[in-house]
Amino acid sequence: MSENEDKRFIDFIAKNTQVDLPKPEGEWREIMQTIEQKKSRSPHFLFSKWFLAPALTLAATATLIVVQRPATTTDTELADFIVTAQIEVDDTLDSSEPEISPGQDEVNEDLANDDLEGEYEEIYLSLLE
Amino acid sequence: MSDDFRRIYTETEAYVRKSLYWMLNRETVDDVVQEVYVKVWSSLEKFRGQSSIKTWVYRIAVNCAYDHLRKEKKFASDELVDPPDEVVNLEDGRIQQQLLKKAIARLSAKQRVVFVLFYVQGLSIEEVASVEGLSEGTVKSRLFSAREFLTRELKKYGVDL
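Residues numbered from 1 in each chain as written. Chains lettered and ligands numbered in written order. Predicted model: local features only at pLDDT ≥ 70, side-chain atom pairs only at ≥ 80, totals over all residues. Heavy atoms only, no water.

*Asks:* How should I be thinking about the side chain of Q97(B) in this particular structure?
*Replies:* Structurally, Q97(B) can be placed in helix α4 (residues 93-105). Taking relative accessible area as the criterion, Q97(B) reaches 19% and is therefore assigned buried. (Helix = DSSP H or I, 4+ residues; strand = E, 2+ residues; numbered from the N terminus. Buried < 20%, exposed > 50% of the residue type's maximum accessible area, 1.4 Å probe, protein only.)

Structure (structure tokens):
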């Protein structure tokens, strides 16, 4: 397309695209009304930063309290249980039989056999008499 | 923010309305203008100043136009009066304008938006590219196709450009 054609085209468009488009009366008011309606329905408006910040702080504090309290109670209960259990174990150990060292059973058995052999000797000798 | 918004509306409203007039059906233009400024309001906090505020508003207007073009598929041609088959008084500005609008209505949506921003509204290639989020090469290519098409269409009615 030549420079002349280019100019003719641009002039034609410029000349024939001049339109008078009046702004509708009350358009600004209508826009603002639509915005207000949208704002009142918007979750962003309901949870604006002025509301959200204190609400989040409160929720965080409540969560901390809820989490902290059972932890303290559990610790205390566990400590009580351990102490009680330890006392019971100690009592049980005090009342039990003496501890037998390894090999003690064989020694006791040998002693018992010795006693029996003595008794058999006495019976045999009495029969010979 | 309300004062800023009022100022943006005052400064850009006429431009936005005229652009939409050449892109859409006349009857829907005022509704879409309202839609544009409601979107401008709701997005104003997100505006980061990476482009000029006008470019940003035009981008919103163009996106709204595309949304409506998708719904409408065609525009304006129903409301335009067909020019007489034989005698067209090309000195009559009103007839010429109707011819032009009818021809623009036959452009594809993409070509039409680029054409209106560049030829009707006088934005530079760079500005059109920024508004549309396109490369300058793509803008030039669409402008070339649009212009070729319009020249052919207008020639049918005796407008030799």
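*Asks:* Looking at this structure, how should I read the packing of helix α3 (residues 53-72) of chain B against helix α5 (residues 109-120) of chain B?
*Replies:* A pair of packed helices is characterised by two quantities: the angle between their axes and the separation of those axes. Residue and element names in this part refer to chain B. Between α3 and α5, whose axes approach to 11 Å, the crossing angle comes to 145°. Where α3 crosses over α5, the handedness of that crossing is right-handed. Contact residues: α3 offers V62, Y66 and L69, while α5 offers A109, K110, R112, V113 and L117. When grouped by side-chain class, the residues that make up the contact of α3 with α5 number six nonpolar, no polar and two charged. (Axes fitted to C-alpha atoms, helices over the stretch in contact; angles between N-to-C directions. Left-handed = near helix turned anticlockwise from the far one by under 90°. Contact = heavy atoms within 4.5 Å. Nonpolar A, V, L, I, M, F, W, Y, C, P; charged D, E, K, R; others polar.)

*Asks:* What is the right way to read the interface of chain B and chain A from this model?
*Replies:* Interface size is commonly expressed as the accessible surface area that is lost when the partners come together. Every contact between the two is made by 31 residues of chain B and, on the other side, 27 residues of chain A. Approximately 2,800 Å² of surface area, both sides summed, lies buried where chain B meets chain A, with 66% of it carried by carbon and sulfur atoms. Counting across the interface, chain B meets chain A through three salt bridges. In this structure, the salt-bridge partner of D6(A) is R147(B), at a minimum N-O distance of 2.2 Å. Our count for the contact surface shared by chain B and chain A stands at seven residue pairs in polar contact (both at pLDDT 80 or more). Where the side of chain B that touches chain A is concerned, the elements lending two or more residues are α1 (2-23), α2 (26-43), α4, α5 and α7 (136-156) of chain B. Broken down by element, the side of chain B that touches chain A gets its largest block of residues, eight residues, from α1(B). In terms of residue class, the side of chain B that touches chain A is built from 16 nonpolar, five polar and 10 charged. (Buried area = accessible area lost by both parts, 1.4 Å probe. Salt bridge = Lys/Arg side-chain N within 4 Å of Asp/Glu carboxyl O. Polar contact = N/O pair within 3.5 Å; in protein donor to acceptor, adjacent residues only side chain to side chain.)

*Asks:* What's the story with the pattern of salt bridges in this structure? I'm lost.
*Replies:* Should the charged atoms of two oppositely charged side chains come close, the side chains can pair. What the rule picks out here adds up to 14 salt bridges over all chains. The partner of E153(B) in a salt bridge is K156(B), and the shortest N-O contact between them spans 2.8 Å. Remark: K156(B) and E153(B) occur in helix α7; sequence separation between them is three residues, near one turn of the helix. Residues participating in the shared-partner salt-bridge network are K23(A), E27(A), E13(B), R17(B) and D30(B).

*Asks:* Would you mind going over empty space enclosed by the protein with me for this structure?
*Replies:* A probe as big as a water molecule, rolled over the atoms, marks out the empty space that is left. Residues and elements named next belong to chain B. Throughout the structure, instances matching the rule amount to one cavity of 30 Å³ or more. As a volume, the largest cavity reaches approximately 50 Å³. As for the largest cavity, its lining consists of Y15, V16, S19, L20, M23, Y58, A61, V62 and L117. Those elements that place two or more of their residues in the lining of the largest cavity are α1 and α3. The biggest single contributor to the lining of the largest cavity is α1, with five residues. Broken down by class, the residue content of the lining of the largest cavity amounts to eight nonpolar, one polar and no charged. (1 Å grid on protein atoms, 1.4 Å probe; cavity = no way out; pocket = protein on both sides within 12 Å on 5 of 7 lines; lining within 4 Å. Points joined across faces, edges and corners; volume = space filled by probe spheres on them.)

*Asks:* What is the right way to look at the nonpolar core in this model?
*Replies:* The nonpolar side chains of a soluble globular protein tend to be buried with one another. Residues F5(B), L20(B), V36(B), Y37(B), V40(B) and F115(B) are the most contacted members of the largest nonpolar core, which totals 62 residues. Among the elements that take part in this core, α3(B) stands out by supplying 10 residues, more than any other. Among residues more than four places away in sequence, those in contact with F5(B) are W28(A), I31(A), M32(A), I35(A), Y37(B), V40(B), W41(B) and L44(B). (Core = buried A, V, L, I, M, F, W, Y, C linked by side-chain atoms within 4.5 Å.)

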